[in-house]
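One-letter residues, chain by chain:
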Amino acid sequence: MGFWKDTFLEKRRNEWMRDISAVQYFANNTWYNAQITEKYISGNKLYIKFVTTDNLALTITAIRILDRDGVEAGYRADYITKNATQGLLYALEAEIDEGSA
């Protein structure tokens, strides 16, 4: 059994969900806003699904998550090429390290 109580950890997870407000993808020196279609935490993993919102041919080289203050909360380099007629559904899974005492 860990140090943290389950009720406390559940409260923190709910705060994470409220704080994650946007996902963006980077291409051609521009950050584009994505549309979040699903987000949840299960155990110690954060899951976010999002779709692109443009109709451009792009090579996406990074994605990032922003908190409600617009501060970058997470970042991942990537390399995805899409045509102007294609959308992109991206599923992100990230482990949350709650540390130990």
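Residues numbered from 1 in each chain as written. Predicted model: local features only at pLDDT ≥ 70, side-chain atom pairs only at ≥ 80, totals over all residues. Heavy atoms only, no water.

*Asks:* How should I be thinking about the packing of aromatic side chains in this particular structure?
*Replies:* This model, assessed by the stated rule, comprises 5 aromatic pairs. Between the aromatic rings of Tyr25 and Tyr32, the centroid separation amounts to 5.4 Å while the plane-to-plane angle is 15°, which identifies the pairing as stacked. In this pair, the class of Tyr25 matches that of Tyr32, namely buried. Here Tyr40 and Tyr47 contribute two aromatic rings whose centre-to-centre distance is 4.9 Å and whose plane-to-plane angle is 20°, an arrangement assigned as stacked. (Phe/Tyr/Trp six-rings, centres within 6.5 Å; stacked < 30°, edge-to-face > 60°. Buried < 20%, exposed > 50% of the residue type's maximum accessible area, 1.4 Å probe, protein only.)

*Asks:* Help me understand the sheet that holds strand 2 (residues 30-33) in this model?
*Replies:* As a general point, the strands of a sheet are linked pairwise by backbone hydrogen bonds and lie either parallel or antiparallel. Spatial ordering of the open sheet is given by 2-1-5-6, a layout of 4 strands whose pairing is antiparallel. Of all the strands in the sheet, the pair left with one neighbour each is strand 2 and strand 6 (72-82). The sheet shows a mean angle of 30° between the axes of neighbouring strands, direction not considered. Helix 1 (residues 6-19) rests against strand 1 (20-27) and strand 5 (58-67) of the sheet, and its axis sits at about 50° to strand 1. (Pairing = 2+ DSSP bridges. Helix = DSSP H or I, 4+ residues; strand = E, 2+ residues; numbered from the N terminus. Axes fitted to C-alpha atoms, helices over the stretch in contact; angles between N-to-C directions. Contact = heavy atoms within 4.5 Å.)

*Asks:* When you look at the environment of Arg64 in this model, what are you seeing that I'm missing?
*Replies:* Structurally, the position occupied by Arg64 is in strand 5. Along the backbone, Arg64 and Arg76 are 12 residues apart, and their C-alpha atoms lie at a distance of 6.3 Å. Not counting residues up to four positions away in its chain, the partners in contact with Arg64 are Ala22, Val23, Gln24, Trp31, Glu72, Gly74 and Tyr75. Here the side chain of Arg64 touches Gln24 through a polar contact of 2.6 Å, side chain to side chain. (Polar contact = N/O pair within 3.5 Å; in protein donor to acceptor, adjacent residues only side chain to side chain.)

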